[in-house]
Amino acid sequence: MSIAMRIPASELSWVLEWEAIKGEKGRKEIGSRGKLKEVTAVEMKRTVAVKEGSKGTFETDHFQSRCPRWSLLRITGGQLTTTPRSYTSLQTQQHPKNADLLSPPTSNEDLCHIATNMANAYSWVHNNIRNYANVNFRYIAVGNEIHPPAWEANHLLGAMKNIHRAISEAGLGNQIKVSTPFSTEILGESYPPSKGSFKPHMESFINPIIRFLVDTHAPFFLNMYTYFSYIGSPHLMSLEYALFTSPGVVVHDGQFGYQNMFDAVLDAAYSALEKAGGGSLEIVVAETGWPSAGGLASTVENARTYNTNLLRHVKGGTPKRPGKPIQTYLFSMFNENKKEPAFEKNWGLFYPNKQPVYHTRN
């Protein structure tokens, strides 16, 4: 469960400071108690968003809660908006209008109820989507990082199909796509990227989901953290390769050369999709980021470097899929003080008091 900040690819404003807005987008104010204040925005032509987790304590105008909700950060005209992916106390908040938003996910616990009873799917869509006709939802994320042997895996595809049916019968099937975020744990082979494939024991689980996504023209969601790949094998992999700072090609794979791990993992996933009949699918990076404290290589400077370079990088695609911006959700908006181990607390761009953890470089 998280908060996503969604910006159209054609005109992205990236916000990491709370002081003065650059450009011609107008001005609003966001104060420490939720009133608008001027913010710094860096204009970039690509698609990036910011997600928020749920294991922290934050203060807002109306309540102290585990996560902030509407109107934490917004730029005039709906260009930049925070929006909950979990509507815990939605009725108390004002909804943004004319925004391109990721919808709330169904929780893992909801899957069985939705998969086995169509009435529950209709109810979920009515309560979470149709009740907010002024919000332009784009995706519904069904569950998060579900795969065997988790019991929810038995109900994931059924829940996706029922939510899709309910969305379609509401006349929103062309507007809202239904998908589910996977972790890179589903990959068996990933080196070199052209050898990418899903784990053999996952095929009976994931292949029907891929067929569903192809049939409904929905994207494949992938949560991808080069940080975890690096700390898992720091003796085999350079930090520069994980942070987008390698001076040259690190991995040669036929006609393609890879200068960063982000592209290599993403193209390995594309190779796996091709082998599974999903070559037409677009991958949306549903989560990525770098912690600023608490573990190996988790420093403010490394977090700043990763996120700054990510923003610059995603406009151009990967070696295998060049020329198209990579839709990416950056994790996360705020640090989460209730997570363990220590580095899990420190993925945020902001502290709970809304002060920036660091500023990106232009």
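Residues numbered from 1 in each chain as written. Predicted model: local features only at pLDDT ≥ 70, side-chain atom pairs only at ≥ 80, totals over all residues. Heavy atoms only, no water.

This next bit is on the overall build of the protein. For the protein, the count of helices and strands is eight helices and 19 strands. Buried positions account for 56% of the 362 residues belonging to the protein. Within the protein, counting contacts between residues at least 6 apart in sequence, those at least 24 apart form 69% of the total. Of the roughly 15000 Å² of accessible surface on the protein, 49% is carried by carbon and sulfur atoms. (Helix = DSSP H or I, 4+ residues; strand = E, 2+ residues; numbered from the N terminus. Buried < 20%, exposed > 50% of the residue type's maximum accessible area, 1.4 Å probe, protein only. Contact = heavy atoms within 4.5 Å. Areas by Shrake-Rupley, 256 points an atom, 1.4 Å probe, with all protein chains shown as cover.)

Running from N to C, helix α3 (residues 153–169) and helix α4 (residues 203–216) point in directions that differ by 10 degrees, and their axes come no closer than 10 Å. One way to sum up the angle between α3 and α4 is to call them roughly parallel. Residues Ala-153, Leu-156, Leu-157, Met-160, Lys-161 and His-164 of α3 pack against Phe-205, Pro-208, Ile-209, Phe-212, Leu-213 and Thr-216 of α4. In terms of residue class, the contact of α3 with α4 is made up of nine nonpolar, two polar and one charged. (Axes fitted to C-alpha atoms, helices over the stretch in contact; angles between N-to-C directions. Parallel < 35°, antiparallel > 145°, perpendicular 65-115°, else oblique. Nonpolar A, V, L, I, M, F, W, Y, C, P; charged D, E, K, R; others polar.)

Turning our eyes to something else, we now look at the nonpolar core. Residues Ile-129, Ile-140, Ile-163, Phe-198, Phe-220, Phe-262 and Leu-266 are the most contacted members of the largest nonpolar core, which totals 78 residues. Of all the elements, helix α7 (residues 261–275) adds the most residues to this core, at nine residues. If we ignore the near neighbours within four places in the chain, the residues touching Phe-198 are Ile-186, Leu-187, Gly-188, Glu-203, Ile-206, Ile-210, Phe-220, Ala-272, Leu-273 and Ala-276. By size, the runner-up hydrophobic cluster in this structure holds six residues, among which are Ala-141, Phe-221, Val-284 and Tyr-329. (Core = buried A, V, L, I, M, F, W, Y, C linked by side-chain atoms within 4.5 Å.)

Mapped onto the secondary structure, Val-285 falls in strand β18 (residues 283–288). The class of Val-285 is buried, set by a relative accessible area of 0%. With 61 residues separating them in the primary sequence, Val-285 and Met-224 have C-alpha atoms 6.7 Å apart. Non-local contacts of Val-285, meaning those with residues more than four positions away in its chain, are made with Leu-222, Met-224, Phe-262, Leu-266, Ile-326, Gln-327, Thr-328 and Tyr-329.

Before going further, it helps to examine the environment of Leu-156. The residue Leu-156 is located in helix α3 in this model. Residue class for Leu-156 comes out buried when judged on its relative accessible area of 0%. Each C-alpha atom, one on Leu-156 and one on Asp-110, is 9.8 Å from the other, the two residues being 46 residues apart in sequence. Excluding its chain neighbours within four sequence positions, the residues that come into contact with Leu-156 are Leu-111, Val-142, Ile-146, Thr-180, Phe-205 and Ile-209.

Under the criterion given, the structure shown has seven salt bridges. Between Glu-185 and Lys-199 there is a salt bridge, with the nearest N and O atoms lying 3.8 Å from each other. Here Lys-199 lies in the loop between β14 (197–198) and α4 and Glu-185 lies in the loop between β12 (181–183) and β13 (187–189), a separation of 14 residues in the sequence. Linking Lys-339 and Glu-336 is a salt bridge whose minimum nitrogen-to-oxygen distance equals 3.2 Å. (Salt bridge = Lys/Arg side-chain N within 4 Å of Asp/Glu carboxyl O.)

What follows covers the pairing of β18. Across the six residues that make up β18, a large majority, six, are buried. Pairing of strand β15 (residues 220–223) with β18 involves four bridges; the strand directions are parallel. The residue of β18 that forms the bridge with Asn-223 is Glu-287. Alignment of β18 against strand β19 (residues 328–331), held across two bridges, turns out to be parallel. The residue of β19 that forms the bridge with Thr-288 is Leu-330. For the crossover from β18 across helix α8 (residues 300–313) to β19, the handedness is right-handed. (Pairing = 2+ DSSP bridges. Right-handed = clockwise from strand over helix to strand, strands pointing away.)

For the rest of this paragraph, the subject is the side chain of Asn-162. If you trace the backbone, Asn-162 turns up in helix α3. For Asn-162, the contacting residues outside a window of four places in its chain are Ile-114, Ala-115, Thr-116, Met-118 and Ala-121.

Glancing now at the packing of helix α2 (residues 118–128) against α3. The contact between α2 and α3 brings their axes to 9 Å, and the two run at 55 degrees. Compared by their axis directions, α2 and α3 come out oblique. The element α2 and its partner α3 pack so that their crossing is right-handed. Here Met-118, Ala-121, Tyr-122, Trp-124 and Val-125 of α2 come into contact with α3, specifically with Asn-162, Ile-163, Arg-165, Ala-166, Ile-167 and Glu-169. Of the residues assigned to the contact of α2 with α3, the class counts are eight nonpolar, one polar and two charged. (Left-handed = near helix turned anticlockwise from the far one by under 90°.)

A complete count under the given rule lists 16 aromatic pairs for this structure. Relative to Phe-205, the ring of Phe-182 has its centre 6.3 Å away and its plane inclined at 80 degrees; by these criteria the two rings are edge-to-face. With Phe-182 in strand β12 and Phe-205 in helix α4, this residue pair connects regions lying 23 residues apart in the sequence. In terms of burial, Phe-182 and Phe-205 fall into one category: buried. Ring centres of Tyr-227 and Phe-228 lie 5.6 Å apart, and the angle between their planes is 70 degrees; this geometry places the pair in the edge-to-face category. Owing to a relative accessible area of 0%, Tyr-227 belongs among the buried residues under this scheme. Judged by its relative accessible area of 32%, Phe-228 falls in the partly exposed class. Within the aromatic cluster, the residues linked to one another by ring pairs are Tyr-225, Tyr-227, Phe-228, Phe-244, Phe-262, Trp-290, Tyr-306, Phe-343 and Trp-347. (Phe/Tyr/Trp six-rings, centres within 6.5 Å; stacked < 30°, edge-to-face > 60°.)

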